[in-house]
Amino acid sequence: MSATKTAAAPRHNPKVVTALRRFAISISVLNIFGYTVLGFEQPWTWPFIALAAGYTTEILLEILGARAEGRAPRFAGGGAKGFMEFLLPAHITSLAVNMLTYVNDLVWVMVFGVIVAVGTKWVLRAPVKGRLRHFMNPSNFGIAVILLLFPWASIAPPYHFTEYLDGGFDWLVPAIIITLGTMLNAKLTERMWLILAWVGGFALQAIVRGLLFDTSIPAGLAMMTGVAFVLFTNYMITDPGTTPSSKWGQIAFGGGTAALYGVLTAMSVAYGIFFATALVCAIRGVFLWTADIVSRKRAEEALALAAVTHSVAQADAVAQGQTGAARTEVTVADAEGCACPAGACACPAPATAETEKIPVTA
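All of these numbers come straight from a predicted model, not from anything done at the bench.

Rules and cut-offs
- Residues numbered from 1 in each chain as written.
- Predicted model: local features only at pLDDT ≥ 70, side-chain atom pairs only at ≥ 80, totals over all residues.
- Heavy atoms only, no water.
- Helix = DSSP H or I, 4+ residues; strand = E, 2+ residues; numbered from the N terminus.
- Buried < 20%, exposed > 50% of the residue type's maximum accessible area, 1.4 Å probe, protein only.
- Contact = heavy atoms within 4.5 Å.
- Areas by Shrake-Rupley, 256 points an atom, 1.4 Å probe, with all protein chains shown as cover.
- Expected span 1.5 Å × (residues − 1).
- 1 Å grid on protein atoms, 1.4 Å probe; cavity = no way out; pocket = protein on both sides within 12 Å on 5 of 7 lines; lining within 4 Å.
- Points joined across faces, edges and corners; volume = space filled by probe spheres on them.
- Nonpolar A, V, L, I, M, F, W, Y, C, P; charged D, E, K, R; others polar.
- Phe/Tyr/Trp six-rings, centres within 6.5 Å; stacked < 30°, edge-to-face > 60°.

## Notes on the overall build of the protein chain
Alright, step 1. Within the protein chain, the regular secondary structure consists of 11 helices and four strands.
Alright, step 2. Residue burial in the protein chain is summarised as follows: out of 362 residues, 39% are buried.
Alright, step 3. Long-range contacts, defined as pairs at least 24 residues apart, comprise 75% of the intrachain contacts of the protein chain with a sequence gap of at least 6.
Alright, step 4. Surface exposure of the protein chain reaches about 20700 Å², of which carbon and sulfur atoms provide 68%.

As structure tokens, this is what we get:
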């Protein structure tokens, strides 16, 4: 008899699907303009190579995961639309890793980063509301791994977003990104508290570093005006799948990332913005696992306490039943004129109305 596979649960709610679709459209349009107008320096064939690597990795891992979990693959049964929606996260991740890294002419390093980024969703996972979900930002993690393993690699130079624009039009790119990104995050991802905490924390750490280490405060604040920072703020750190949804959770995530960036930069660690985000995601993953373990332990203790309480209640009920039965026996015996419990002693025979007369000799 063949095992019956359960239907796959919806991967995302409709609002998140809409956000992913707009993310994918935005980054695709940015890549098209980047290679035709703005001045992207990677070969124009690399986005297609990145997409092929990302799609293949996502599909293969989904098939393996579906078999291991005894369910149907999430891309099956939804038609062409469902298949495209399934590939949206891989689409965004693949283009982001290629767009934001510079690995000279070694395309295999870029492909490696894409595979790591997509694959991490199946490795670094934590329980969230009863389901295992990835907690590490995929694109950020892929870029961070490239920067760690290949010291000669770097992020894409910020100027290539506006290299071919002049006459004051270079301000249009960040202005458009901020406008579209703000609308997207305010209406769909609902991560505005995270953005405010991140931007405010970033400005604060630049001032603190300037006061403590005598670094240039204007230079630290000037980074916030670059296209790379605007892209990171609106399209990477706000990933709805790897950031908290609550107000204070978002504030802690955004502010914590800014604080860690300030610490790493003070320690002369390059590309601290990617490492800080990865560290905060890792801390959140540890927190989620810890919270789940504590919750399970409390649930087990509650079940054990309930079992003990139930046993005590049953014992009390049995004892009360036995006491009641004994009292009933005594009452019945009293009613019959015998105060002895049944079988404990012999009761005298009850007197009758007629008493035998024994003659007495005079």
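Text resumes after the structure shown.
## Some remarks on helix α2 (residues 46–69)
Alright, step 1. With 24 residues, α2 should cover 34 Å at 1.5 Å per step; its first-to-last C-alpha distance of 34 Å lies within 8% of that length.
Alright, step 2. Buried within α2 are the following residues: W46, P47, A50, L51, A53, G54, T57, E58, E62, G65 and A66.

## Thoughts on the layout of surface pockets
Alright, step 1. Looking at the second largest pocket, its volume works out to about 350 Å³.
Alright, step 2. I155, M223, A228, I273 and F274 are, among the 20 residues lining the second largest pocket, the residues nearest its centre.
Alright, step 3. Mapped onto the lining of the second largest pocket, the elements with two or more residues apiece are α9 (227–235), α10 (247–266) and α11 (272–335).
Alright, step 4. Per-element accounting of the lining of the second largest pocket gives the leading share, four residues, to α9.
Alright, step 5. Along the lines of polarity and charge, the residues of the lining of the second largest pocket split into 17 nonpolar, three polar and no charged.

## Describing the environment of K121
Alright, step 1. Looking at the secondary structure, you find K121 in helix α4 (residues 107–123).
Alright, step 2. C-alpha separation for the pair K121 and L61, spaced 60 residues apart in sequence, amounts to 9.6 Å.

## Regarding the packing of aromatic side chains
Alright, step 1. Within this structure, the stated rule accounts for 15 aromatic pairs.
Alright, step 2. Pairing W44 with F48 gives two aromatic rings, centres 6.4 Å apart and planes at 85 degrees, and the pair type is edge-to-face.
Alright, step 3. Assessed through its relative accessible area of 60%, W44 is described here as exposed.
Alright, step 4. Considering the side-chain rings of F232 and F274, the 6.0 Å spacing of their centres and the 90 degrees angle between planes classify their relative orientation as edge-to-face. Of the two residues, F232 is situated in helix α9 and F274 in helix α11; the sequence distance between them amounts to 42 residues.

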